[in-house]
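# Inside the fold
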Amino acid sequence: MSRIRERYGASPLHLLGHLVVFAITLWAISHVFDGREPWNFVVWFVAAALLHDLLLLPFYSVLDRVAQALPGPRSAVNFVRVPALMSGVMLLVYFPRILDRAPGNYTRVSGFDPEGYMRNWLLITAALFMASALLYVGRSAAARRRSR
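### Let's talk about the packing of helix α4 (residues 78-98) against helix α6 (residues 117-147)
It is at 9 Å that the axes of α4 and α6 come closest, and there the two elements cross at 170°. One element, α4, and the other, α6, form an angle in the roughly antiparallel class. Of α6, the residues touching α4 (which contributes Phe79, Val80, Pro83, Ala84, Met86, Ser87, Met90, Leu91, Tyr94, Arg97 and Ile98) are Tyr117, Met118, Trp121, Ile124, Thr125, Leu128, Phe129, Ser132, Leu135, Tyr136 and Arg139. When the residues that make up the contact of α4 with α6 are grouped by side-chain class, the tally is 17 nonpolar, three polar and two charged.

In structure tokens:
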């Protein structure tokens, strides 16, 4: 056991976990390309990587620098960063639904009514920021009590 840990750098369970995730990823990719031309997926994947690296990364890096330069405790930045990231990911994934693009196509394909995505996204975003604010207040109060 120690020999594996020494050569690999982590426990065998860590290696097993990575092998399982790798197998699941291969299975998912095989289903994406099952009987289809892979070019649509490849173009989408490359475009997403370029969009992230050339546009989104500089944008949220600048926002993060601005947030860190604001007065106040540095730890407070994380309580804004996490819900903003989660909300942003939801927006990226569901933006066609949130912006109500092609609702007829969505209804035909899924059988569900596309109404309420904007409202639900806003409610989830508000709940994320509210939970983060409550957690920040609670941790700040606990830190003040410990410092006394």
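### Regarding α4
Across its 21 residues, α4 extends only 26 Å between first and last C-alpha, which sits more than 12% below the 30 Å expected from 1.5 Å per residue. At Leu92, α4 shows its strongest bend, of approximately 55°, with the proline Pro96 following within four residues. All buried positions along α4 are accounted for by Phe79, Pro83, Ser87, Met90, Arg97 and Ile98. Looking at the buried residues of α4, the elements they touch are α5 (103-110) and α6. Asp100 sits one or two residues past α4 and shows a positive phi near 60°.

### Let's talk about a nonpolar patch on the surface
Residues Leu13, Leu16, Val20, Ile24 and Trp27 make up a contiguous nonpolar surface patch of about 560 Å² in total accessible area. Of note, Leu16 is situated in helix α2 (residues 12-32).

### Section: the packing of aromatic side chains
Tallied over the entire structure, the rule returns three aromatic pairs. Between Trp44 and Phe45 the ring centres are 6.5 Å apart and the planes differ by 45°, which places this aromatic pair in the tilted class.

### As for the environment of Gly35
With respect to the element layout, Gly35 can be found in the loop between α2 and α3 (39-69). Assessed through its relative accessible area of 80%, Gly35 is described here as exposed. Separated by 53 residues in sequence, Gly35 and Gly88 place their C-alpha atoms 33 Å apart.

### A few points about the side chain of Ser132
Inspection of the secondary structure assignment puts Ser132 in helix α6. According to the relative accessible area criterion, Ser132 is buried, its value standing at 9%. Ignoring anything within four residues of it in the chain, the contact list for Ser132 reads Phe79, Val80 and Pro83.

### Considerations on α3
Compared with an ideal rise of 1.5 Å per residue, which puts 31 residues at 45 Å, α3 spans 43 Å between its outermost C-alpha atoms and is within 8% of the ideal. Maximal helix bending in α3 amounts to about 40°, located at Leu56; proline Pro58 follows within four positions.

### Some thoughts on the confidence of the model for the chain
Per-residue pLDDT for the chain averages 86, and the proportion of residues at 70 or more is 99%. No element of the chain has a lower mean pLDDT than α5, which averages 74, and none a higher one than α6, which averages 93.

### Here's the deal with a positive patch on the surface
Together, Arg144, Arg145, Arg146 and Arg148 make up a region of like positive charge exposed at the surface. By the secondary structure assignment, Arg144 is in helix α6.

Rules used in this analysis
- Residues numbered from 1 in each chain as written.
- Predicted model: local features only at pLDDT ≥ 70, side-chain atom pairs only at ≥ 80, totals over all residues.
- Heavy atoms only, no water.
- Axes fitted to C-alpha atoms, helices over the stretch in contact; angles between N-to-C directions.
- Helix = DSSP H or I, 4+ residues; strand = E, 2+ residues; numbered from the N terminus.
- Parallel < 35°, antiparallel > 145°, perpendicular 65-115°, else oblique.
- Contact = heavy atoms within 4.5 Å.
- Nonpolar A, V, L, I, M, F, W, Y, C, P; charged D, E, K, R; others polar.
- Expected span 1.5 Å × (residues − 1).
- Bend = angle between axes of the 7 residues up to and from the residue.
- Buried < 20%, exposed > 50% of the residue type's maximum accessible area, 1.4 Å probe, protein only.
- Patch = residues over 30% accessible without salt bridge, like charges linked within 9 Å, V, L, I, M, F, W, Y side chains within 5 Å.
- Areas by Shrake-Rupley, 256 points an atom, 1.4 Å probe, with all protein chains shown as cover.
- Salt bridge = Lys/Arg side-chain N within 4 Å of Asp/Glu carboxyl O.
- Phe/Tyr/Trp six-rings, centres within 6.5 Å; stacked < 30°, edge-to-face > 60°.
- pLDDT = per-residue confidence, 0-100.
- Lys, Arg positive; Asp, Glu negative; His and termini not counted.
- Charge placed at Lys NZ, Arg CZ, Asp CG, Glu CD.

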